[in-house]
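Residues per chain, in single letters:
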Amino acid sequence: DQQVKQNSPSLSVQEGRISILNCDYTNSMFDYFLWYKKYPAEGPTFLISISSIKDKNEDGRFTVFLNKSAKHLSLHIVPSQPGDSAVYFCAAINMEYGNKLVFGAGTILRVKS
Amino acid sequence: EPEVTQTPSHQVTQMGQEVILRCVPISNHLYFYWYRQILGQKVEFLVSFYNNEISEKSEIFDDQFSVERPDGSNFTLKIRSTKLEDSAMYFCASNTGTANEKLFFGSGTQLSVL
């Protein structure tokens, strides 16, 4: 079951530059998408979300873009900071079937100072 | 900020033994969840719980698994007879259940089955 895919297992970015994390999905019934960040020995922490009726949502340094026709979303972090180094999970919900999150495999982001 | 707490942080058990993983969800939350992450794999949904009953479960959540809310604060996951493949990080999560609301996750219990 690969409904949510994060094809890049890791990404390395220089401090101050943009980080772009990508996510693809196959289930067109997903209507809400979320990004979670996870540090070692901690649980996932909510970062930002987007409804399927929008194509962009911005919160400070974090922006999520949704391209429904391509079934693709991305998370942009500008400027990247060393504290952003973590595992980033893309997740999706089909609200008709409740609050169950379907997660991608995660992308390890390393921000180098 | 209120948080979901999980105990223990690490649990080591012998294959075939029963384990109980404990969680205290955020106090005003109504929906409770268990997820797990096997090392190197994605975070997987196990079960959701609302109004003292299971609202949804995955195919992973077979007869060996059960959940319970024994009192007004705790939410537990029991594995009756653990298998080697149950070794994973188990995350508890909760929310109020409002549409599109984010989940709040605990820091997880690392279960190692020997």
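Structure: above.
Because the structure is predicted, anything quoted here is derived from the model rather than measured.

1. Quick notes on the pattern of salt bridges
Considering all chains together, one arrives at five salt bridges over all chains under this definition. When the shortest N-O distance is used, the salt bridge between Glu58 of chain A and Lys56 of chain A registers 3.9 Å. Residue Lys56 of chain A is classed as partly exposed on the basis of its relative accessible area of 43%. In this structure, Lys100 of chain A and Glu56 of chain B form a salt bridge, with 3.6 Å as the shortest nitrogen-oxygen distance. With Lys100 of chain A in the loop between strand E9 (86-93) and strand E10 (102-103) and Glu56 of chain B in strand E6 (residues 53-57), this residue pair bridges two chains.

2. Some words on the interface of chain B and chain A
Between chain B and chain A, the residue contacts involve 17 residues of the former and 21 residues of the latter. For the pair chain B and chain A, the summed buried area comes to about 1700 Å², and 58% of that belongs to carbon and sulfur atoms. Linking chain B with chain A are one salt bridge, by the criterion used here. The interface formed by chain B and chain A holds four residue pairs in polar contact (both at pLDDT 80 or more) in total. When residues of the side of chain B that touches chain A are traced back to their parent elements, those giving at least two are strand E4 (31-37), strand E5 (43-50) and strand E9 (88-95) of chain B. Here the side of chain B that touches chain A gets three residues from one element, more than from any other, and that element is E4 of chain B. Tallied by class, the residues present in the side of chain B that touches chain A amount to eight nonpolar, six polar and three charged.

3. Things to note about the sheet that holds strand E6 (residues 56-59) of chain A
Residues and elements named next belong to chain A. What the five strands build is an open sheet, ordered E1-E3-E8-E7-E6; its pairing is antiparallel. The open sheet terminates on both sides in strands that have one partner only, identified here as strand E1 (4-5) and E6. As paired strands, strand E7 (residues 62-67) and strand E8 (residues 72-77) are joined by six bridges and run antiparallel to one another. Note that in E8 the partner of Thr63 across the bridge is His76.

4. Thoughts on the state of the cysteines
Residue and element names in this part refer to chain A. Counting across every chain of the model gives two disulfides over all chains. Across a sulfur-sulfur distance of 2.0 Å, Cys23 and Cys90 are joined as a disulfide pair. Between Cys23 and Cys90, the S-S torsion sits near -70°, and that sign places the bridge as left-handed. Residue Cys23 is located in strand E3 (residues 19-25), and its partner Cys90 is located in strand E9; the two are separated by 67 residues in the primary sequence.

5. Some remarks on a nonpolar patch on the surface
All names here are of chain A. Together, Ile18, Ile20 and Val78 make up an exposed nonpolar region whose accessible area comes to about 220 Å². Along the chain, Ile20 turns up in strand E3. Exposure remark for Ile20: the relative accessible area of 36% places this residue in the partly exposed category.

6. Description of the nonpolar core
Phe33, Trp35, Leu73, Leu75 and Tyr88 of chain A are the most contacted members of the largest nonpolar core, which has 24 residues in total. Counting residues per element, this core draws most heavily on E9 of chain A, at four residues. Core analysis: the next-biggest nonpolar cluster, separate from the first, contains 23 residues, Trp34, Leu46, Ile79 and Cys92 of chain B among them.

7. Observations concerning the sheet that holds strand E3 (residues 19-24) of chain B
Each strand in a sheet pairs with another by means of backbone hydrogen bonds, the pair being arranged parallel or else antiparallel. All names here are of chain B. Strand order across the open sheet formed by four strands is E1-E3-E8-E7, with antiparallel pairing between neighbours. Each edge of the open sheet carries a strand with a single partner, namely strand E1 (5-7) and strand E7 (65-68). Direction aside, the axes of adjacent strands within the sheet are offset by 20° on average. Relative to strand E8 (residues 75-79), E7 is paired through four bridges, and the arrangement is antiparallel. Looking across to E8, one finds that Ser66 is bridged to Lys78.

Scoring rules and cut-offs
Residues numbered from 1 in each chain as written. Chains lettered and ligands numbered in written order. Predicted model: local features only at pLDDT ≥ 70, side-chain atom pairs only at ≥ 80, totals over all residues. Heavy atoms only, no water. Salt bridge = Lys/Arg side-chain N within 4 Å of Asp/Glu carboxyl O. Buried < 20%, exposed > 50% of the residue type's maximum accessible area, 1.4 Å probe, protein only. Helix = DSSP H or I, 4+ residues; strand = E, 2+ residues; numbered from the N terminus. Contact = heavy atoms within 4.5 Å. Buried area = accessible area lost by both parts, 1.4 Å probe. Polar contact = N/O pair within 3.5 Å; in protein donor to acceptor, adjacent residues only side chain to side chain. Nonpolar A, V, L, I, M, F, W, Y, C, P; charged D, E, K, R; others polar. Pairing = 2+ DSSP bridges. Disulfide = S-S within 2.5 Å. Patch = residues over 30% accessible without salt bridge, like charges linked within 9 Å, V, L, I, M, F, W, Y side chains within 5 Å. Areas by Shrake-Rupley, 256 points an atom, 1.4 Å probe, with all protein chains shown as cover. Core = buried A, V, L, I, M, F, W, Y, C linked by side-chain atoms within 4.5 Å. Axes fitted to C-alpha atoms, helices over the stretch in contact; angles between N-to-C directions.

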